[in-house]
Amino acid sequence: MTPFLPPDLLPLVFAGLMAFSVLLYVVLDGFDLGVGILLRATRDPAERDRMVASIGPFWDANETWLVLGVGLLLVAFPVAHGVILTALYLPVAAMLAGLILRGVAFEFRAKAATAEDKRRWDRLFFVGSLTASLAQGWMLGRYVLGFDTSPAAMAFAALATVGVAIAYAFIGACWLIWRTDGALQSRAIGWARSGLWAVAAGIVAVSIATPLASERIFARWFEFPYVVLLAPLPLATGALILGLAALLRQMPLPRDALHSVPFWGATGLFCLSFAGLAWSFYPYVVPERLTLYDAAAAPESLTLILVGALIVMPVILGYTVLAWLVFGGKAKDLHYH
Amino acid sequence: MDTLLLSRIQFAANISFHILFPVITIALGWVLLYFKLRFNASGETRWIDAYRFWVKVFALSFALGVVSGITMSFQFGTNWPGFMERVGNIAGPLLAYEVLTAFFLEATFVAIMLFGMSRVPNWLHTLATLLVAVGTTMSAFWILVLNSWMHTPQGFELRDGVAHATDWWAIIFNPSMPYRLAHMLIASGLTVAFLMAGMSAWRRLRGDRSAAVATTLRTGIVLAAVLAPTQLVVGDLHGLNTLEHQPAKVAAMEGNWETRGNVPLLLFAIPDETARENRFEIAIPSGASVILKHDPAGVVPGLNDFVGEHPPVAPVFYAFRLMVGLGLAMIALGLGGAWLLWRRRDLPGWYLRALVPMTFAGWIATLAGWYVTEIGRQPWLVHGVLTTAEAVGPVPAGNVALTLTMYLLLYAGLLTAYVVTLYRLARKDSGEARSPSTAVAQPA
């Protein structure tokens, strides 16, 4: 197929699509994994059932964004895919094991014969969610510093590991505020309150550590005119954190007002953090080693994929919205029919 | 063991575990649509009861298929980076279309199909069931296009060792694709036919006389009676296609060392690759020549024409016999059952007892068939273009051994849980069918 975009624009378009998929994955499966991490914070089996029911119809489609993100990396930047995934061999395997356990636990706990059996699958649900979150955090930390193996880089990766798990638990709690009510919702508000401060601390720590670790990233943020143009990003993040803190302190509000706002606020925080990281990386697809343009596949193949992506992605988004409408509102007990 | 062998075993373990679930969901999606349409048309509860039970099996299989499928998409990068570096321009778009057109279609509509029956209008639920069936089938289509291209590549040129597409039509409709796709879709149908027939027979033998079980039993048997003989014909055509494009694989399947006429059909033998001969042969004279050339004197290529470039003989040889043996048993049980049903006799106990051990026969036959074709492609990863040794990644063998152990333990546990849960669901369903309080469903 003849390229209909200038060949040097194609890698950028694909990087954009990939970033979009990964961002959607992190928000969407982030709240799934977060609910999984919080699952054992309550002992009441009925509350656990409702927590799982709140994410039941969504997790499968949510997880598919990871496949699309990695798929785009694989097909658009084949060389980078190999470099990144061989460098992250063990954490990728740990993440996959975690996602497998979490995914099958949904089904097996629903079909468990005894309460004891169900508790066992709940434990695996929690372990799977936590393992996947920690592994993703470790991968992010290693990736940000270009797979550097110095002790400082490893410490940074450890920080990212904990940070991502806490951020997921936070957005999971915000999801539960929206999708549940009563005692469970009150608990979720408490989880979100303590989670927010940990998330804020994590964002500050990563924002300080990243420019210090790399001169290139330092220059991208603090040289004129970037330092002025980019100022809204940290300012908006700070304002959002303070606003969320104020709101969470007042919740629950009469008639359950604003119950979805913490979730959308958390989504905003994820987007702002993601934008900051994306700005730091550009134009690298493997930090400090491979740029988008070095790693891209042949323009003819990219054009062919782009045609499919431009037709299908709006459709996917359309029926994602449809599924959200069908399964909107407070979580009910989930039955097959 | 070195990284190459360990990575190959790991890939085989991952894909063998993965395929068990799509091979159920591809055909089960269509069977569920059939149940739903029959219910819509007749309003008879047995159809919706059958739907309600088998949709649970679908949900469980689908979940296992999704999570093990994610592992697959990472495997290319973690263990086989050379694959995407060399043929990524071709494999990439095919994999992308698989994810784009199919994966999402299933992943979103499956939620409506599984949980939405009481939340959406009946027509939308039926439509979701249809779209899930279409999605699983499209998924299989793209994956088999890529797999077939790896066996019979065309429509590309090599520039500096990297494949560039020149003709997408030729890539998608490569010579082995129609045969492989048909063979695989029918394999899925047979797997589901015997899963339904076997589990329903087991429930019947345990005293469940419900109409839903009788209905699935009959559906399974009729499906088997139609598909099993068809598979024999399609499999034969696929074999002839392989003979044309990958003669070394067919030579290994037949255990034939010398190129010659009047090649016997080996029912049993122990191929010895060091001595390059078979021991303990039991054979039908000229049988292989008749099957492959439709002529007793037909010349069939032998392994000695491909020394150093043919696949390991024993695994291909044995796996082929296992697959064909199970296929013949399926034909016998399918046609026999259809005959018993046609005579309007109640199915006798001996026949039901024969179906029970065949419940998972589709799994074994499917795996055996895949081992024939995939091990049969060795030493190539993409036939004539890229070897597996060239594509393997620089990961230390110890790391691969560690992850392989982890996967094997995980898969053994999950497979046990899956089978136990299927039977537990069946027992529970039979218990509910016996209790008088079963609610009567109304057609919408």
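Note that this is a predicted model, so its numbers are computed, not measured.

**Q** Quick question: what am I supposed to make of the pattern of salt bridges here?
**A** Pairs may arise between side chains of opposite charge once their charged atoms sit close together. Residue and element names in this part refer to chain A. Enumeration over the complete set of coordinates arrives at 21 salt bridges over all chains. One salt bridge in this structure joins D49 and K118, with 3.3 Å as the shortest N-O distance. With D49 in helix α2 (residues 45-55) and K118 in helix α6 (residues 115-144), this pair connects stretches of sequence that are 69 residues apart. With relative accessibility at 26%, the residue D49 sits in the partly exposed group. The shortest N-O distance in the salt bridge between D117 and R120 comes to 3.3 Å. Here D117 and its partner R120 are both found in helix α6, three residues apart, which amounts to about one turn of the helix. Look at D117 and you get buried, because its relative accessible area is 14%. According to the relative accessible area criterion, R120 is partly exposed, its value standing at 42%. Linked by salt bridges that have partners in common, R48, D49, R109, K118 and D122 make up one network.

**Q** For this particular structure, what's the right way to read the packing of helix α7 (residues 177-205) of chain B against helix α13 (residues 361-375) of chain B?
**A** Each pair of packed helices can be described by the angle between their axes along with the distance between the axes. All names here are of chain B. Where α7 contacts α13, the two axes come as close as 8 Å, and the packing angle between them is 160 degrees. Relative to α13, the element α7 lies roughly antiparallel. Pair α7 / α13 crosses with left-handed handedness. Residues R180, M184, A187 and T191 of α7 lie in contact with α13, whose contacting residues are G362, W363, T366, W370 and T373. The class makeup of the residues in the contact of α7 with α13 is four nonpolar, four polar and one charged.

**Q** Just checking my understanding: could you explain helix α3 (residues 59-76) of chain A for this structure?
**A** An α-helical segment advances 3.6 residues per turn. Residues three or four places apart therefore align on the same side. For α3 of chain A, built from 18 residues, the straight-helix expectation of 26 Å at 1.5 Å per residue is met to within 8% by its first-to-last C-alpha distance of 26 Å. For α3 of chain A, the buried fraction is high: 18 of the 18 residues fall into the buried class.

**Q** Explain the nonpolar core to me, please; I cannot follow it from the model alone.
**A** In terms of nonpolar packing, the biggest core is built from 206 residues, with F77, F170, W175 and V285 of chain A together with W54, F83 and Y418 of chain B touching the most fellow members. When residues in this core are grouped by element, the largest group, 19 residues, is from helix α3 (residues 45-79) of chain B. When residues no more than four places from it in sequence are discounted, the contact partners of W175 of chain A are F31, V35, S54, I55, F58, F263 and W324 of chain A. Counting residues in each nonpolar core, the second largest holds 24 residues, with I186, L190, I221 and A224 of chain B among its members.

**Q** I would appreciate a short explanation of the packing of aromatic side chains in the present structure.
**A** What characterises a pair of aromatic rings is the spacing of the ring centres plus the angle enclosed by the ring planes. All names here are of chain A. Overall, the coordinates contain 40 aromatic pairs over all chains when judged by the stated rule. Aromatic pair F31 and F263: ring centres 5.5 Å apart, planes at 80 degrees, arrangement edge-to-face. On the criterion of sequence distance, the pair formed by F31 in helix α1 (residues 10-38) and F263 in helix α12 (residues 261-281) is long-range, its members being 232 residues apart. Given a relative accessible area of 0%, F31 falls into the buried group. Seen in terms of ring centroids, F218 and F222 are 4.8 Å apart; in terms of plane orientation they differ by 40 degrees. Their pairing is tilted. Here F222 and F218 lie together in helix α9 (residues 215-222), a separation of four residues that amounts to about one turn. Judged by its relative accessible area of 41%, F218 falls in the partly exposed class. Residue F222 is classed as partly exposed on the basis of its relative accessible area, which comes to 45%.

How each quantity is defined
Residues numbered from 1 in each chain as written. Chains lettered and ligands numbered in written order. Predicted model: local features only at pLDDT ≥ 70, side-chain atom pairs only at ≥ 80, totals over all residues. Heavy atoms only, no water. Salt bridge = Lys/Arg side-chain N within 4 Å of Asp/Glu carboxyl O. Helix = DSSP H or I, 4+ residues; strand = E, 2+ residues; numbered from the N terminus. Buried < 20%, exposed > 50% of the residue type's maximum accessible area, 1.4 Å probe, protein only. Axes fitted to C-alpha atoms, helices over the stretch in contact; angles between N-to-C directions. Parallel < 35°, antiparallel > 145°, perpendicular 65-115°, else oblique. Left-handed = near helix turned anticlockwise from the far one by under 90°. Contact = heavy atoms within 4.5 Å. Nonpolar A, V, L, I, M, F, W, Y, C, P; charged D, E, K, R; others polar. Expected span 1.5 Å × (residues − 1). Core = buried A, V, L, I, M, F, W, Y, C linked by side-chain atoms within 4.5 Å. Phe/Tyr/Trp six-rings, centres within 6.5 Å; stacked < 30°, edge-to-face > 60°.

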